[in-house]
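# Summary of structural features
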Amino acid sequence: MKEIVRVSLENEMDLILAHKRSMKLAELCGLSLSIQTTFATAVSEIARCAIESGAEAFMLLGIDFLKANRKQVTAIVYDTAPYTPKWQEAVSYAKRLADNVKVVRNGAHIEVSLHLEINFAGVISPAKLESFIQYFESEPPISPYDEIRRKNIQLQDLAQRLRESEASYSFLSDRLPLMIFSVNHLGTITFSNKWLQDYLGIPITQLDIAHWQQVVHTEDQHRMASDLNQLIINKKALRQQYRLRQNSTGKYLWHMISIQPAENDRDLTTQWVGFIVDIHAQKLIEQTLKDNTELKETQQKLVYHQQQLEQKIEALNRSNYELEQFAHLASHDLQEPLRKLFFYADVLQQKYRETIDASGVQILNNMTQAAGRMKELIRDLLAYSELNQREFEFGEVNLDTILEELLKDFEIVIRDKGAVVRKQPLPIIHGNAVKLRQLFSNLLSNALKYSKAGVTPQIDITCLQTPEALAITVRDNGIGFDPKQQHRIFELFERLHSRSRYPGTGIGLSICKRIAELHHGSISATAEAGEYASFQVTLPLSQQSYIHTA
Amino acid sequence: MNHDFKILVVDDDPEDHFIMQEYFSEAGLGDIVVFRENGEEALSYLAGLPPNGLPALIVLDLNMPVLNGLQTLTMLKEQSHLRHIQVVIYSTSNNDHERQQCLEQGARDYFVKPFTLEAGTLMIERFRQMLAESLQ
């Protein structure tokens, strides 16, 4: 059956409606007024019975499609009441009025159908059926009651749909990996999805301002409070990142909170809607990338410093090379003209002595002396530069033998000056014999050179030894020097005394210092002007521990 | 004085030719000294001499262009008819390493070019001794 209209059967008003609609449908189907009335009366008999005895009864009016394109108007009354004698009475009365009345009893259900054949059924097309349905839908109410009823049904229908929609919304929102919430202008949470409640572990009713502070990381609380304040004042969307405490683990994970004002019909903000999304992984990646950036920066700095170091090494190598070149120049090219100067001065003095007068001879002597100083300077500079560029071989050095040999070398000077030299026995150490000899030669030479006029020069060579090192002191009773100068004297070309009285190049002690350093030792001086000078050389007994680090 | 031997001095510095000439002259050997300016010139000079006209002593400066003292010494010692000639090296610088190399290559001695007439005369005396030994 094609249903046209439904009528619920609950009260007297429904009975009128059932009658009226049955009649109308018959009319729409083109049946005569008498047939309409008869059919409607038969339907009313059944409907009345259903209204009186039944529960949740209703009636459907429609068109039945039979064989050979025949059609019939059908009214079916459904009821859940027992089939009482009243029903029997009603059905028999209806049967008197209508040709075709059928009763179907199915357990507690009663189904009574009344049929009215339409002889000219061919004119009732599907479009016509639709127009019947439309007619009953827009049928003007027959009474205020009918109007209320209809509205009520519509409302119920809407409520049902709303329930369905809400169910599907919370189904969706509870399953999204998001926390969703809305909050009213009083700060009360009006909605939160399951995810939010599960994450925070607090029932929605407790999610007030006080509880929010419990779940926000202490470091973020102040910022969040001020952000929320701004949000309320400016009514602009907020999008910020805070750490929220996960109830299940107790860990604070990074989240992005987005809150937007929702305006009502009158453009007033009474609601705020927002969502919270877990961005902890993203944060971790950001942090890792940041760390990585720092790592890269550090690496770049390292590379930069390494390059600088390489440049410095290169510059050092270059200056070492230049030093070597200089040493070569000093040893060869500077000595070449000097040697010739000596030769010519010599020739002049030897061969032309007779023809040069006394002052000329004096000038020649001065010239030879100046050339002699230059020769010394070149010799010392060469010795000093060689110390910087050569790697020296270390071996057993008998310091006692070296000092004894040196005293023999200085024999003439010692005798001439009447100097007294006392020497303690010295040990054998690990070092370079040639250089150590040079060191002590310079110290002895200085001790003899800077003697006081009229005083017997006394030179004491003493030695202190520990298991690792020894300190050799060369002390004289000469002119000494101002103790303030004790560091200056080891600088290259430093001279404390006038050249005219004490000739020298100012390189000797620099050479001593360098040799001591090459032996991983040191040299220091103490003195008093006019009293004494004392030089202490400290040397390790063995160079073994320096071989790998040097 | 009449001598039947020669001394060859190889030095690129013409001033040193003059100075050496002075030293040799002082020692009475001035007329037997022959000068060449580098190793190559010295070798071609020697190549043109008859076996009995070869110098008894060759004095090589160490630092010279074209062929230096050490190279020339090595080449002299490679030739059988020159190998017996006494060779000394003299140089401005006093370098132990170079001295060692020269002696290893067959030089009789290594002199630092003298700064004074006295030292120069001593050097010539040493040459004279070498000549005396070789002529015996």
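Per an unreviewed UniProt entry, chain B goes by Response regulator and derives from Dawidia soli.

Looking at an unreviewed UniProt entry, one finds chain A named histidine kinase and attributed to Dawidia soli. Regarding chain A, the relevant UniProt record gives this comment under Catalytic activity (unreviewed entry): "ATP + protein L-histidine = ADP + protein N-phospho-L-histidine."

A few words now on the overall build of chain B. Tallying secondary structure elements over chain B gives five helices and five strands in all. Its helices and strands in sequence order give chain B the pattern β-α-β-α-β-α-β-α-β-α, from N to C terminus. Whereas a compact globule of 136 residues would reach a radius of gyration of roughly 14 Å, chain B reaches 14 Å, a difference of no more than 12%. Along the first, second and third principal axes, the C-alpha set of chain B runs to 35 × 35 × 30 Å.

What follows concerns the domain arrangement of chain A. According to the domain assignment, chain A consists of domain 1 (2–139), domain 2 (177–278), domain 3 (285–390) and domain 4 (392–546). Of note, the centres of domain 2 of chain A and domain 4 of chain A, computed from C-alpha atoms alone, are 85 Å apart.

Residue and element names in this part refer to chain A. Relative to the assigned elements, Leu403 resides in helix H12 (residues 399–409). Judged by relative accessible area, which is 1%, Leu403 ranks as buried. In this structure, the C-alpha to C-alpha distance between Leu403 and Ser441, residues 38 residues apart in sequence, is 8.3 Å. The residues contacting Leu403, other than those within four sequence positions of it, are Lys423, Leu426, Phe440, Leu444 and Ile461.

Our next topic: the interface of chain B and chain A. Each partner contributes residues to the interface: chain B has 17 residues there, and chain A has 15 residues. Among the residues chain B hides against chain A, the three largest losses belong to Thr92(B), Phe115(B) and Leu117(B). Together they make up 45% of the total. Across the contact surface, chain B and chain A share five salt bridges. Between Glu26(B) and Lys351(A) there is a salt bridge; the shortest N-O distance is 3.7 Å. Seen at the junction of chain B and chain A, the total is six residue pairs in polar contact (both at pLDDT 80 or more). When residues of the side of chain B that touches chain A are traced back to their parent elements, those giving at least two are helix H1 (14–26) and helix H5 (117–135) of chain B. Of the residues belonging to the side of chain B that touches chain A, the class tally is six nonpolar, four polar and seven charged.

The next subject is a nonpolar patch on the surface. Residue and element names in this part refer to chain A. Together, Leu377, Leu492 and Phe493 make up a nonpolar patch on the protein surface, roughly 240 Å² of accessible area in all. With respect to the element layout, Leu492 can be found in the loop between strand E15 (469–476) and helix H15 (508–518). Of the residues examined, Leu492 reaches a relative accessible area of 32% and is grouped as partly exposed.

This part takes up the sheet that holds strand E6 (residues 179–184) of chain A. Residue and element names in this part refer to chain A. The five strands lie next to each other as E7-E6-E10-E9-E8, forming an open sheet whose pairing is antiparallel. On the outer flanks of this sheet lie strand E7 (189–192) and strand E8 (238–245), each paired with one strand and no other. Taking each pair of neighbouring strands and ignoring which way they run, the sheet shows an average axis angle of 25 degrees. Note that E6 and E7 share three bridges and pair antiparallel. Note on E7: the bridge partner recorded for Phe181 is Ser192. Across the sheet, helix H8 (residues 218–234) lies against E8, strand E9 (252–263) and strand E10 (269–278), angled at about 150 degrees from E8, the strand it touches most.

This part takes up the sheet that holds strand E17 (residues 532–540) of chain A. Residue and element names in this part refer to chain A. Across the sheet, which stays open at both edges, the five strands sit in the order E12-E14-E15-E17-E16 with mixed pairing between neighbours. The open sheet is flanked by strand E12 (420–423) and strand E16 (522–528), the only strands paired with a single partner. Across the sheet, the mean angle from the axis of one strand to that of its neighbour is 15 degrees, orientation sign disregarded. For E12 and strand E14 (residues 458–465), the ladder comprises four bridges, and the chain directions are parallel.

Here we take up the pairing of strand E5 (residues 109–112) of chain B. All names here are of chain B. Summarising the sheet, strand E4 (residues 86–91) and E5 pair through four bridges and their orientation is parallel. Residue pairing across strands places Val88 opposite Asp109, the latter belonging to E5. For the handedness criterion, the β-α-β arrangement of E4, helix H4 (residues 96–104) and E5 is classed as right-handed.

In total, this model carries ten aromatic pairs over all chains according to the counting rule given. An angle of 65 degrees between the planes, with centres 5.4 Å apart, marks the rings of Phe342(A) and Phe115(B) as edge-to-face. Separated into two different chains, Phe342(A) in helix H10 (residues 335–351) and Phe115(B) in the loop between E5 and H5 make up a pair that spans both. The pair Phe342(A) / Phe115(B) is uniform in exposure class, with both members buried. Three or more aromatic residues link up through ring pairs in this structure, and these residues are Phe343(A), Tyr344(A) and Tyr23(B). A cation over a ring is seen here: Arg6(A) above Phe58(A), with NZ or CZ 4.3 Å from the ring centre. For the cation-ring pair, Lys113(B) lies above Tyr90(B), with the distance from its terminal atom to the ring centre recorded as 4.7 Å.

Calculation criteria
- Within every chain, residues take consecutive numbers counted from 1 along the sequence as written.
- For this description, chains carry letters from A and ligands carry numbers from 1, given in the order in which they are written.
- Selection of residues for local features in this predicted model requires a pLDDT of at least 70, selection of side-chain atom pairs for listing and counting requires 80 or more, and totals for whole chains, interfaces and linings are taken over all residues.
- Hydrogens and water are ignored here; the side-chain numbers use all heavy atoms of the structure.
- UniProt positions are given in the numbering used here, feature names are shortened, and annotations may be inferred rather than shown by experiment.
- The numbering of helices and of strands both runs from the N terminus, where a helix is a DSSP run of H or I of at least 4 residues and a strand a run of E of at least 2.
- It is over C-alpha atoms that the radius of gyration is taken, and the globule rule equals 2.2 Å times the number of residues to the power 0.38.
- For every domain, the bounds stem from an assignment made automatically or drawn from a database.
- Any residue under 20% of the maximum accessible area for its type is buried, any over 50% is exposed, and the rest in between are partly exposed; the area is computed with a 1.4 Å probe on protein chains only.
- We call two residues in contact whenever any of their non-hydrogen atoms come within 4.5 Å of each other.
- For any pair of parts, buried area is found by adding up, for both, the accessible area (1.4 Å probe) each one loses once the two are put together.
- By definition, a salt bridge exists where a carboxyl oxygen of Asp or Glu is found within 4 Å of a side-chain nitrogen of Lys or Arg.
- Each polar contact in these results corresponds to two N or O atoms within 3.5 Å; when the atoms are within protein, one needs to be able to donate a hydrogen and the other to accept it, and residues that are neighboring in sequence are counted only if both atoms are side-chain atoms.
- By the convention adopted, Pro, Cys, Tyr, Trp, Phe, Met, Ile, Leu, Val and Ala count as nonpolar, Lys, Arg, Asp and Glu as charged, and the other residues, Gly among them, as polar.
- Residues enter patches when they are more than 30% accessible in relative terms and free of salt bridges; like-charged ones are connected within 9 Å and nonpolar ones (Val, Leu, Ile, Met, Phe, Trp, Tyr) within 5 Å.
- Values of accessible area rely on a 1.4 Å probe in the Shrake-Rupley scheme; residue burial ignores everything except the protein chains shown.
- At least two bridges found by DSSP between two strands is the condition for calling them paired.
- Helix axes use the C-alpha atoms of the stretch in contact, all axes being lines fitted to C-alpha atoms, and the angles between their N-to-C directions lie in the range 0 to 180 degrees.
- If you view a crossover with the strands going away from you and the path from the first strand over the helix to the second runs clockwise, you call it right-handed.
- Two rings from Phe, Tyr or Trp (for Trp, the six-membered ring) form a pair when their centres sit within 6.5 Å of each other. Planes less than 30 degrees apart are called stacked, planes more than 60 degrees apart edge-to-face, and all others tilted.
- Note on geometry: a ring has a charge over it if NZ (lysine) or CZ (arginine) is within 6 Å of the ring centre and within 35 degrees of the ring normal.

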